[in-house]
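# Report on the structure
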Amino acid sequence: MATTQEKTTPCCLQNDTTTTTTTTARSSLPPPQPLRKPTKDWPDPSQDPTRKSSSVPTMIPAFDTLTDPAPANTASASSKGILSMVRAQTSHPLDPLSAAEISVAVATVRAAGATPEVRDSMRFVEVALVEPAKSVVALADAYFFPPFQPSLLPKSKGGPVIPTTRGGHHRGKVISSNIVPDVQPPMDAVEYAECEAVVKDFPLFREAMKRRGIEDMDLVMVDAWCVGYHSDADAPSRRLAKPLIFCRTESDCPMENGYARPVEGIHVLVDMQNMVLIEFEDRKLVPLPPADPLRNYTPGETRGGVDRSDVKPLQIIQPEGPSFRVNGNFVQWQKWNFRVGFTPREGLIIYSVAYIDGSRGRRPVAHRLSFVEMVVPYGDPNEPHYRKNAFDAGEDGLGKNAHSLKKGCDCLGYVKYFNAHFTNFNGGVDTIENCVCLHEEDHGLLWKHHDWRTGLAEVRRSRRLTVSFICTVANYEYGFFWHFYQDGKIEAEVKLTGILSLGALQQGEARKYGTTIAPGLYAPVHQHFFVARMDMAVDCKPGEAFNQVVEVNLKVEEPGKDNVHNNAFYAEEELLRSEMQAMRDCNPLSARHWIIRNTRNVNRTGQLTGYKLVPGSNCLPLAGSEAKFLRRATFLKHNLWVTPYARDEKYPGGEFPNQNPRVGEGLATWVKQNRSLEEADIVLWYVFGMTHIPRLEDWPVMPVERIGFMLMPHGFFNCSPAVDVPPNASDVEIKDNGMAVKPIQNELLAKL
């Protein structure tokens, strides 16, 4: 039977010209002593009735050569409920896969290969956790939350159930093996490195570079970009890349900004499966831009400049330690608690978000929060820029491109780090240390009021808990942040930085589709789109699906007897009853926002409790309706989509967007079912983006641009949840002589 400790991992393998998806299961921990015989089996992901079966023959047979260990001794539970539990398990079913688990999954899949040739040729693009059903997660949450809370257990006909586990050492078995035809999995860093080496070794490429005055191949940089899908030539029957070429000026300077000299006019098409060039053409001799003296961004003299000398140290200290507590991947901070997860594709995931609200106990807000896709389309119709429309999550993987964070720079103060483990292309395990950062930040003023009659004031400073990771995809860096606030707000934020993707200009040339950055260099206009998937659970206990979404627009009252002063306006609400109705766009003119409400719970005024999605700055694609990249990115056409939860609906562009020729696959197809949303297990898909018209100030490295949105309580609490934040115990004033003195609270007394 499936248990709270059974994890399944899908492995995307590349083998010859086929892409195989398999699922393996494992049990890793000693079994607990069960307190009651289970009355039902938890659903096995491989037996999910919603999973589509495939008639394609499998390359790896599904089998199980392992035998279950003898069942552990059982003890009867009280007829009135479970009073205690033996805590033998130390791992939650939503914890990220460990290095050992990934190794087991790879070894199990490899061992199941039909022939030695199949086993030796396997390439592993991704090994990821298959998340268990929500009922299993709820059971595990009840088991792991200290103290044990029987009220969190999902109810079954026979009462609460405590599952047993398959115990002992790490073991794996193949549950299913399916060949997925006509798709290409994401690219891998090993492939990128091999592609660069193959291109630089190609004789015709060397001759083309020689015509541009470059003979030292150590100066050349080859960035492999997925081809996307523009015509049948890009069909997924071949694994293709069209690289972008750049060239440094100094081979002995590893930190030189090589993106400052793009090489244009050379057409290269690489078969990434066999790692050979299948097309090459030196179409146009575009001279290399001159070396820009402002191209580098390293400290001081190494970039030919001088650093500022008037920056004093700024230290963040917490002498009593942080206010958060971490147990494994479970985080508690003031009244918030949640779990930290991580996958190769999405990167950081926030699970089981809840707020401890006094006598009302633990109140869920969301089951799962993550960024599931990114699309970066460029607005220059010229070669090669019209092909720049990267799906950075689906084609590359946000998590796989994450990097280690440096304490004192990426994060300040008392920092808790989480490592991340991934499979590499050959099936080994790579570990990114300090991949996810958890820390507290001072966030200025929380609230304040000054009574002018008495001169007394009450003021509180705001503090937030931040969970983040940063990834590098070729030239750009993206920081993904989830901020939790003391007043019940949750903020999602993306920080964009890195280096512009440039093009070369011939002497006297100018292009209206970009900004001239330096002599011979221009930066094309482009957009950055992000998709946040929010599996909401506002005030919903395990097993409940009592949420709905209401759109709110501000309306100006018509002049008349109800508006004699012409100043009246009001908020008008509309229930989004179905998926097709819930395809919505932002409208700042009406202050449009959306409220996720619980249909059964009310606050002290009788209003339904809820959380509202407050948009930040946003945009829609600046492209024609027939733009080729929109075939794969139909989900960009609206800012908000709402669907009822379905286990297989994870990624808005489908599971395999790389070279995907199918129009509208994913979110745009799912909503055509027009399922009811009036009372459901709601999933929000919020699409937010920014339009980047490059500036000279974005060169040589771009200062951070911020974009995001807010989840804000709306009638969720009976009053401000931040009113109980205590005054700052270290309020002191620093005089000019450096002496610290306590402030006088009563300003009226101070005046006297």
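Conventions used here
- Throughout, a residue's number is its position along its own chain's written sequence, starting from 1.
- Owing to the predicted nature of the model, reporting of local features is limited to residues with pLDDT of at least 70; listing and counting of side-chain atom pairs is limited to 80 or more, with chain, interface and lining totals taken over all residues.
- The side-chain quantities take in all heavy atoms of the structure and omit both hydrogens and water.
- UniProt positions are given in the numbering used here, feature names are shortened, and annotations may be inferred rather than shown by experiment.
- Two cysteine sulfurs form what is called a disulfide whenever their separation falls within 2.5 Å.
- Secondary structure counts use DSSP, requiring at least four H or I residues in a row for a helix and at least two E residues in a row for a strand, with both numbered from the N terminus.
- Relative accessibility under 20% of the residue-type maximum defines a buried residue, over 50% an exposed one, and the middle range a partly exposed one, all with a 1.4 Å probe and only protein chains included.
- In plain words, nonpolar cores are sets of buried Ala, Val, Leu, Ile, Met, Phe, Trp, Tyr and Cys residues tied together by side-chain atoms within 4.5 Å.
- Any pair of residues with heavy atoms lying within 4.5 Å of one another is described as a contacting pair.
- Two strands form a pair only when DSSP identifies at least two bridges running between them.

The name an unreviewed UniProt entry assigns to the protein chain is Amine oxidase, from the organism Castanea mollissima. Of the protein chain, the UniProt comment under Sequence similarities (unreviewed entry) reads exactly: "Belongs to the copper/topaquinone oxidase family." Per its UniProt entry, the protein chain bears the Subunit (unreviewed entry) comment "Homodimer."

Next up on the list: the state of the cysteines. Taken as a whole and assessed by the stated rule, the structure comprises 1 disulfide. Covalently, Cys 411 is tied to Cys 437 through a disulfide, its sulfur atoms 2.1 Å apart. With Cys 411 in the loop between helix H6 (392-396) and strand E17 (416-423) and Cys 437 in strand E18 (residues 429-451), the pair connects residues that are 26 residues apart, well separated along the chain. With no disulfide of its own, Cys 471 has Cys 435 as its nearest cysteine by sulfur position, at a separation of 9.5 Å. For Cys 471, a relative accessible area of 0% puts it in the buried group.

Core analysis: the biggest nonpolar cluster contains 84 residues, and Val 353, Phe 480, Trp 482, Phe 484, Leu 684 and Phe 709 have the highest contact counts within it. Discounting residues that sit within four places of it in the chain, Phe 484 has contacts with Trp 333, Trp 336, Phe 338, Ile 350, Val 353, Arg 463, Arg 464, Leu 465, Val 467, Lys 489 and Ile 490.

The antiparallel open sheet is built from 3 strands, whose spatial order is E5-E7-E8. Here the strands that pair on one side only, and so sit at the sheet edges, are strand E5 (220-223) and strand E8 (262-263).

Time to look at helix H3 (residues 134-144). Taken across its 11 residues, H3 has 9 buried, putting it largely inside the fold. Here H3 has its buried residues at Val 136, Val 137, Ala 138, Leu 139, Ala 140, Asp 141, Ala 142, Tyr 143 and Phe 144. The inward-facing, buried residues of H3 contact strand E13 (336-343), strand E14 (347-356) and strand E15 (362-377).

What is expected of a backbone is that most residues other than glycine have negative phi and most peptide bonds are trans. A cis amide bond, omega 0°, links Glu 383 with the succeeding residue Pro 384. Its place among the elements puts Pro 384 in the loop between E15 and strand E16 (389-390). Each neighbour pair has its own omega, and for Trp 699 with Pro 700 the value is 10°, a cis peptide bond. Summarising the element assignment, Pro 700 is placed in the loop between strand E31 (682-692) and strand E32 (702-713). The backbone of Ala 474 sits at a positive phi, close to 60°, despite the residue not being glycine. Counting through the fold element by element, Ala 474 comes out in the loop between strand E19 (456-473) and strand E20 (476-485). Although it is not a glycine, Asn 566 adopts a positive phi angle of roughly 55°. Positionally, Asn 566 belongs in the loop between strand E26 (547-556) and strand E27 (569-575). Owing to a relative accessible area of 54%, Asn 566 belongs among the exposed residues under this scheme.

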